[in-house]
Amino acid sequence: MLMLTVAASSSLLAEDGYELWMRYRLLPKSKRVAISQIVCPNPTDRHLKEAHSELKTGLESMLGYSVKVGDKLTKQDGLVIGTALSNEFIAGLNVDLRPFNDEAFVYLPTTINGKRVHVITGQDQLGVLYGAFWFLRQLQSGKPLPNKRYYSAPRYKLRLLNHWDNLNRSVERGYAGQSIWDWHKLPDYVDPRIIDYARANASIGINGTVLTNVNANAMVLRADYIQKTKAVADTLRPYGIKVYLTARFSAPIELGGLKTADPLDPQVQQWWKDKVAEIYREIHDFGGFVVKANSEGQPGPQNYGRSHAEGANMIADALALEGGILMWRAFVYDDKTPVDRAAQAYNEFKPLDGKFRSNVIVQVKNGPIDFQPREPFSPLFGALDKTPALMEVQVTKEYLGFATHLAYLGTMWQEALASPTRLRGKEKVLDTLTGIAGVSNIGSDRNWCGSHFDQANWYALGRLAWEPTLGATKVADEWARLTFGTAVAKPVVSMMIRSREAVVDYTGPLGLTHLMATGHHYGPGPWVDNLGRADWNPVYFHRGDRDGIGFDRVGAGTLKQYAPGWREIWGKPETAPENLLLWFHHVPWSYRLLSGKTVWEEMVARYTHGVSEVATMRAEWAKLKGKIDASRHLQISEFLKIQEKEAKWWRDASIPYWQSLNGLPLPKGFDVPEHSLDYYKSIFHPYAPGNTHTG
Ligand code: BDP
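The model shown is predicted, which means the values in this text are computed figures rather than measured ones.

Within the chain one finds 19 helices and 16 strands. Over its C-alpha atoms the chain spans a radius of gyration of 26 Å, differing by no more than 12% from the 26 Å that the globule rule assigns to 695 residues. If one aligns the C-alpha atoms of the chain with their principal axes, the spans along those axes are about 80 × 65 × 50 Å. By the burial criterion, 61% of the 695 residues in the chain qualify as buried. By element, 52% of the accessible surface of the chain is carried by carbon and sulfur atoms, the whole surface being about 26,200 Å². Within the chain, the 73 negative side-chain charges are centred at a point lying 5 Å from the centre of the 80 positive side-chain charges.

Here it is, written out as structure tokens:
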């Protein structure tokens, strides 16, 4: 469990980030509420046990005195928690919970004999646990408690983490150490850290976790691994978190010894039914599977001439018998298909709409290509009328600077979630979803995420999956208050809000995309043109040459996948927003933008601005010295220094590369890149982290 420091003014003691946003520091006197007892008549019930123990620890730490747990309101300044069924006092209040779903919570302040009594309730005990975390968050962040009834209900049923963790504990695209699942020691030893992981997730409303990599290893379905998964599931269950696994489509061959994995083969179908039944015998509330099929070398139904729907339905039928769901990824593309890579997911899945079983959910990345720093939303959102969709975002920052760069992703996800599916239409992308899944950035590092600021992205995933209209700024403000204290929240939020745009500027302005180095994806590689597949090469994406730059997605037909309205706006360079210009259009280098600058001049200006934004963030952070504990302050300062160096690397490598194509001089007033293009091309990082498809 977390080590709680109860000492006064402990905020400046060295902190290592382990406590995440649940630091529960002593509150200033003016913010302390009077609570001398927690009333919880069934303190051993699942969820209520976790709720009251979190409240007790959190309140004692924040209020500075001990708080009793009892089953009756004796002194009248208490906090009463539970459901109407489990708590007489709450039953007597007759709170009408019918309008809320079973994960919702209600906070009800009442006054008895002139003293305030706080009530946290819900239809289900899980709602009470969510309410407990909300209550603690409210106090911790220095916000007043509401004076009247307040309730909150999650917008989506599925609020998930997707770990890309391998069975050998390496983490694909992981920058925070090893996997937190210690498969080798499981099931006999479960690291207590998993309980803190569960607390952290429950505190932000995450209710499911996929333990393994989408590039799946069939072995996780072997009987002994099911026991290991069961041990994790048992540990997470009290916090309302279900466990899911990735299923390798060819598992019937690899594990079952069958000759085929053809979804229409009765033996294959039976194998999946038996396997699923075996899992549910051990884990009665197992969530289901995620499948990456026929993508980047993964096996799938198309190996047997079957469609994604035929493949998905076969596994979904097995899961349906037990109440499980199947999340089938839409991240598919093939360089043998002579179509823009960005168009392929839609082409593949739109015709299958209506052909999936009801327990299949199509999992769609937020953008049509691949988690790039900026893309438009995927045209599949709003296009699947009969199939539920899950938005997949990448919390780990594969394309936004790994663990060292400050890039708050709340703004990026908000941009996708809040996009109207039809221009000026009422429906937004967020209205078309059943849930949100985030590719985890969690690992064995003491601070969980590899950097303190990356914790904010985990936090934002949970908060936006609970309430996608909350707003990235509000989420950042909550997180900053909880993590660094209310006094510094304002400047911290201001850095966070600008951070993602800075990364866009120094890696690929004006809608450029997919320009990173090969394999590990660390650093710039816009010149790369020699990979085995055309649609992996940066030159495929930017299409730069002597005359111009950008991908003509009008000519390619991709734009047609979007609703009318968007087609018109995005269809012409003059009306396309400049931040997506080169995503949709190929324009001459001399094309003039609103600023009066040419595309080339604007690109140089933006690369340069990206670097200077990081310098500004560094300066702003430096001013917070002494206001944040020295240990976290120092690490962040050093990471920002790395970020500035690497932002400059991106700028200084990209500019001479573009010049090698366009032959244009550097616009006046801009610094000449530090080294030659050849120098940047020769940079070689064989051991950059996160690059693993094995295990
Ligand atoms: C890409 C990653 C790769 C993943 C793939 C996916 O580079 O490691 O396997 O996404 O989402 O961005 O399947």
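We are not done yet, so read on.
Here the focus is the domain arrangement of the chain. Partitioning the chain into domains gives domain 1 (33-152), domain 2 (158-398 + 433-473), domain 3 (485-549 + 586-695) and domain 4 (552-584). With centres defined by C-alpha atoms, the gap from domain 3 to domain 4 works out at 24 Å. With 15 residues of domain 3 at the interface, the matching set in domain 4 holds 11 residues. Summed over both partners, the interface of domain 3 with domain 4 comes to about 1,100 Å²; 59% of that surface belongs to carbon and sulfur atoms. Three residues stand out in domain 3 for area buried against domain 4, namely Leu510, Gly511 and Tyr591, and they jointly supply 39% of the buried area on that side.

Below, the discussion takes up empty space enclosed by the protein. Going through the model one piece at a time under the given rule, you end up with 10 cavities of 30 Å³ or more. In this structure, the largest cavity encloses a volume near 230 Å³. Sorting the residues of the lining of the largest cavity by element identifies α13 (489-507) and α18 (630-662) as the ones contributing at least two each. No other element matches α13, which puts 4 residues into the lining of the largest cavity. The residue makeup of the lining of the largest cavity includes at least three contributed by each of domain 2 (158-398 + 433-473) and domain 3 (485-549 + 586-695). Within this model, the second largest cavity holds a volume of roughly 110 Å³. Along the walls of the second largest cavity sit 13 residues, with Ala330, Phe331, Ala345, Pro368 and Ile369 positioned nearest its centre. Taken together, the residues of the lining of the second largest cavity sort by class into 9 nonpolar, 2 polar and 2 charged.

On to the site of the ligand. Close contacts around the ligand come from 14 residues, with Glu172, Lys292, Arg329, Glu398 and Tyr399 the closest. Interatomic distance of 2.4 Å between a side-chain N/O atom of Glu172 and an oxygen atom of the ligand. Contacts to the ligand include Lys365, whose side-chain N or O atom sits 2.7 Å from an oxygen atom. A total of 320 Å² of accessible area belongs to the ligand in isolation, and the protein chains cover 98% of it. Of the residues assigned to the shell around the ligand, the class counts are 4 nonpolar, 2 polar and 8 charged.

Counted according to the given criterion, the structure contains 47 salt bridges. The partner of Lys275 in a salt bridge is Glu278, with the nearest N and O atoms 3.0 Å apart. With Lys275 and Glu278 both in helix α7 (residues 266-282), this residue pair falls 3 residues apart, about one helical turn. Overlapping salt bridges, with partners in common, bring together Glu15, Glu19, Arg23, Arg25, Asp629 and Arg632 in one network.

So, on to the packing of aromatic side chains. In this structure the tally under the stated criterion is 46 aromatic pairs. Summarising the aromatic geometry, the rings of Phe286 and Phe289 are spaced 5.7 Å apart at their centres and angled 70° between planes, so their arrangement reads as edge-to-face. Given the relative accessible area of 0%, Phe289 is considered buried. Cluster of aromatic residues (ring-pair linked, three or more members): Tyr18, Trp21, Trp181, Tyr197, Trp448, Trp458 and Tyr459. In this structure, Arg341 is placed above the aromatic ring of Tyr333, and the distance from its NZ or CZ to the ring centre is 3.7 Å. It is Arg553 that lies over the ring of Trp583; its NZ or CZ is 4.1 Å from the centre.

Rules behind the numbers
- Along each chain, residues carry numbers from 1 onward, in the same order as the chain's sequence is written.
- In keeping with the model being predicted, local features are shown solely for residues with a pLDDT of at least 70 and side-chain atom pairs are shown and tallied solely at 80 or more, while totals for entire chains, interfaces and linings include all residues.
- In computing side-chain properties, one takes all heavy atoms of the structure into account and sets aside hydrogens as well as water.
- Secondary structure elements follow DSSP: runs of H or I of four or more residues count as helices, runs of E of two or more count as strands, with numbering from the N terminus.
- Our radius of gyration looks at C-alpha atoms and nothing else; its globule reference is 2.2 Å times the residue count to the power 0.38.
- Think of it in three bands: with a 1.4 Å probe and only protein chains considered, a residue is buried below 20% of the maximum accessible area for its type, exposed above 50%, and partly exposed in between.
- Here the open area of atoms and residues is found with the Shrake-Rupley method and a 1.4 Å probe, where only the protein chains shown may cover a residue.
- Note that His is not counted, nor are the chain ends; the positive residues are Lys and Arg, and the negative ones are Asp and Glu.
- Working definition for charges: the position is that of NZ of Lys, CZ of Arg, CG of Asp or CD of Glu.
- An automatic or database domain assignment provides the domain bounds reported here.
- By the convention used here, residues are in contact when the closest approach between their heavy atoms is within 4.5 Å.
- Buried area is calculated as the accessible area (1.4 Å probe) missing from two parts once they are joined, with the contributions of both summed.
- We place a 1 Å grid over just the protein atoms. Points where a 1.4 Å probe fits but has no way out form a cavity, open points with protein on both sides within 12 Å along at least 5 of 7 lines form a pocket, and any residue with an atom within 4 Å of a point lines it.
- Grid points are joined across faces, edges and corners, and a volume is the space filled by probe spheres set on the points.
- Under this grouping Gly is polar, as are all residues other than the nonpolar Ala, Val, Leu, Ile, Met, Phe, Trp, Tyr, Cys and Pro and the charged Asp, Glu, Lys and Arg.
- We define proximity as follows: a residue is near a molecule or strand when any one of its heavy atoms falls within 4 Å of that partner.
- By the criterion applied in these results, polar contacts are pairs of N or O atoms within 3.5 Å in which, for protein atoms, one can donate a hydrogen and the other can accept it, and in which residues neighboring in sequence qualify only through two side-chain atoms.
- One side-chain nitrogen of Lys or Arg within 4 Å of one carboxyl oxygen of Asp or Glu is enough to make a salt bridge.
- Working definition: a ring pair exists when centres of Phe, Tyr or Trp rings (six-membered ring for Trp) sit within 6.5 Å. Plane angles under 30 degrees give stacked, over 60 give edge-to-face, the rest tilted.
- As a reminder, the over-ring test applies to NZ of lysine and CZ of arginine, requiring each to be within 6 Å of the ring centre and within 35 degrees of the ring normal.

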